[in-house]
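Notes for the structure review
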Amino acid sequence: MASVFRSEEMSLMQLFLQVEAAYCCVAELGDLGLVQFRDLNANVNSFQRKFVNEVRRCESLERILRFLENEMEDVVEIVKLETYPETPLPREMIDMETVLEKLEAELLEANQNQQTLKQNFLELMELKHLLKKTQDFFEVRDLSSHRDLRTTPSAAAAKFTAGVIKRERMIPFERLLWRACRGNIYLRYTEMDTPLEDPVTVGTQVKKNVFIIFYQGEQLKQKIKKICDGFRATVYPCPESATERREMLDGVNTRIEDLNTVITQTESHRQRLLHEAAANMWSWEIKVKKIKAIYHILNCCNIDVTQQCVIAEIWFPVADAGRIKRALHQGMERSGSTITPILTTIHTRMAPPTFNRTNKFTAGFQNIVDAYGVGNYREMNPAPYTIITFPFLFAVMFGDCGHGAVMLGFALWMVINEESLLAQKSTNEIWNTFFSGRYLILLMGIFSMYTGFIYNDCFSKSFNIFGSSWHIIPMFKNNTWNKEVLLDNTVLQLDPAVPGVYSGNPYPFGIDPIWNIASNKLTFLNSYKMKMSVVIGIVHMIFGVILSLFNHIYFKKYINIILQFIPEMIFIICLFGYLVFMIIFKWCHFDVHSSQSAPSILIHFINMFLFNYSDASNAPLYLHQKEVQSFLVIFALIAVPWMLLIKPFILRANHQKAQRMVRDVGHARGFRVAKAKLRHQTSRSVCSELILLYSDLRLSPEISNSVLENGHLTECFYWKKEIPVALCDLSNSVTSDL
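Computed from a predicted structure; not experimentally measured.

Below, the discussion takes up the pattern of salt bridges. Per the counting criterion, the structure on display carries 18 salt bridges. Among the salt bridges present, the one from Asp31 reaches Lys290, with a minimum N-O distance of 3.8 Å. Residue Asp31 is found in helix α2 (residues 19-32), and its partner Lys290 is found in helix α8 (residues 242-299); the two are separated by 259 residues along the sequence. Between Asp320 and Arg323 there is a salt bridge whose closest N-O contact spans 3.7 Å. One salt-bridge network, held together by shared partners, links Glu8, Asp320, Arg323 and Arg357.

In structure tokens:
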């Protein structure tokens, strides 16, 4: 239970895994979700790590899955299972690669074939429309220019070119033809009856025109061909005789019918491939993500020189050590290894990560707290208190029991049906945001209904359950109101000082319903809500400062209690706590008979900082107010340097002291190292002199060098029995120095 109010205690351990079992052990730890791996290869380039090829294979699989998902978009629904699939073994990744690559190749081939068939279909449809429109062109005989062309001697030499062009390019196409050919052509065009589907941009309808150009000469033919190519106009062969055109049209219609059959079969084959992929699509995506995450973690680990052991460093909650060991044992068994993973504790001064355990109820509130900032390790966790404060402060602003009931009903529906809603696994971001905060919305609805009853507000209407405490009949009995007053005034004011107008007993729960029809309703409610918000906000602030006291005590930072917590409490209580006191004192002290002389709290609070007490228009709230306020302001001003100036100097002094200690330790260690080096050099020089002095021992150069390097002088000296004993004693002292 303590972990709810404070982050979990974490432990850093070194993990030794057999290479064959590392994959399965990391997979089990990932399913557990309680381990954070340290990156032991932070200085190694991402492309130089051990399992970079496996990560690339996973990225290739993700690319294929994205391609399949784009092909299924708005066409085939992806089947989602109720449970997540298990992490596949490395050998299963090869089978998955084979299946996905084969599926991608087949789908690409089907798409290419379909696009080619649709392109052929588009060309045949254009040719069909061109043959029909060309026949209409030749049947028109009422154009004098065309008749002249047929009747002139050069009519037999006239040729024509027919084609199709996009409708928006027709006007510049006609203008350029006229200028380039100097008017020596005859152009006719008409719009196609139906738009055609573009095979490249699937689903896009293209509007086109059919044109025919009459000309004479080979030079004009080349110009027309170049202009058509420039405007991407498609030119089709068109027979001159009507009989040939009709025969060609019949052949085109037959080819279109055959092509439609082939396109239908190709599309059914493509849909069959997509449905086959959709059955396993969601499972494949989860498996690939898991595999990639495992290899990413393995890239953060070290591998020993024998390439037989994977070394990792992990943070995990101390309370879950048993679950971690069981997960490692399960991973070892799944991989078929017989070597048990080894966990060794590492003592470190690194700051552990902050881990706050949550459940489906507290997760939403913890996310709100983490959005503002994650606390340090083992600090107090404010999320449990936010479960109450956040919905309540929302309800203070959104106090309406009608709207609160709507929110409550919506939240209850999500809570009651959460299992079925979770099984749907929706990808809608807005819906997932609402669903993850269903318990937050539930509490906001409950508190909104509570504050709505306090405000006596339901869809901007008031309840009169207990009867109003205000009465208007005494105003007539007292002759304050009469017929003339009613006729002359559109707004009347109830005077609570008149006996019987106000019963003296407030409304049992919430605001009296009579305020709903009052003209000064907003003035009264805004003042009431503002003061209530100030009181609640300051209490909230003080509570947050008090929580910091528990952190100081837990971490034994008693200097923070003296130099931070105490001056903070003094400052906030002397100023804002005193403001709350004045609000409550004014509510309790002044009644209907003395309310006209009630002073302004705002003016008093401003004059408190200015030490201005000569304002006769604003009477004091109580006796000795001047002395009390002066003391509080001075005490609050003293708390400012107490809080801001003393602690930095103490921290600076502690830092300098730590630096001096490190410097002294470094000097002492350096002195010891220098002394050891000096003794080593002295011993080597003495050995050299002894060897030169007793050269009559006639040792070989190799033996002399070995004696000098290893310092085994006693072995050398005892080879000759005639060496004096004093020399042996000297050599022993030298070797002891070595």
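On we go from here.
Before going further, it helps to spend a moment on a nonpolar patch on the surface. Taken together, the side chains of Tyr450, Phe453, Ile465, Phe466 and Phe509 make up a nonpolar region of the molecular surface, amounting to roughly 520 Å² of accessible area. Locating Phe453 in the fold gives a position in helix α15 (residues 438-455). Judged by its relative accessible area of 34%, Phe453 falls in the partly exposed class.

As a further point, take the confidence of the model for the protein chain. When pLDDT is averaged across the protein chain, the result is 83; 88% of the residues are at 70 or more. Contacts of residues 141-156 to residues separated by more than four positions or lying in other chains number 16 contacts, the stretch itself having pLDDT below 50. Below pLDDT 50 for its whole length, residues 686-738 participates in 42 contacts with residues either more than four positions away or in separate chains.

If you look at the biggest cluster of nonpolar residues, it comprises 48 residues, and the most contacted ones within it are Leu68, Met72, Leu100 and Tyr295. Taken together, the elements giving at least two residues each to this core come down to β1 (10-18), α2, α3 (52-72), α4 (90-139), α8, β10 (309-317) and α9 (321-335). Take this core: its biggest share by element is 11 residues, from α8. What Tyr295 contacts, discounting residues up to four positions off in sequence, is Tyr23, Phe51, Glu54, Val55, Cys58, Pro90 and Met93. In this structure, Ile538, Tyr578, Val580 and Ile583 belong to the second largest nonpolar core, which totals 26 residues.

What follows covers the side chain of Gln366. Tracing the sequence through the fold places Gln366 in helix α10 (residues 363-372). Of the residues examined, Gln366 reaches a relative accessible area of 5% and is grouped as buried. Of note is the side chain of Gln366, whose polar atom sits 2.9 Å from the side chain of Asn381. For Gln366, the residues in contact, after removing those within four places along its chain, are Asn356, Thr358, Asn381 and Ala383.

Rules used throughout
Residues numbered from 1 in each chain as written. Predicted model: local features only at pLDDT ≥ 70, side-chain atom pairs only at ≥ 80, totals over all residues. Heavy atoms only, no water. Salt bridge = Lys/Arg side-chain N within 4 Å of Asp/Glu carboxyl O. Helix = DSSP H or I, 4+ residues; strand = E, 2+ residues; numbered from the N terminus. Patch = residues over 30% accessible without salt bridge, like charges linked within 9 Å, V, L, I, M, F, W, Y side chains within 5 Å. Areas by Shrake-Rupley, 256 points an atom, 1.4 Å probe, with all protein chains shown as cover. Buried < 20%, exposed > 50% of the residue type's maximum accessible area, 1.4 Å probe, protein only. pLDDT = per-residue confidence, 0-100. Contact = heavy atoms within 4.5 Å. Core = buried A, V, L, I, M, F, W, Y, C linked by side-chain atoms within 4.5 Å. Polar contact = N/O pair within 3.5 Å; in protein donor to acceptor, adjacent residues only side chain to side chain.

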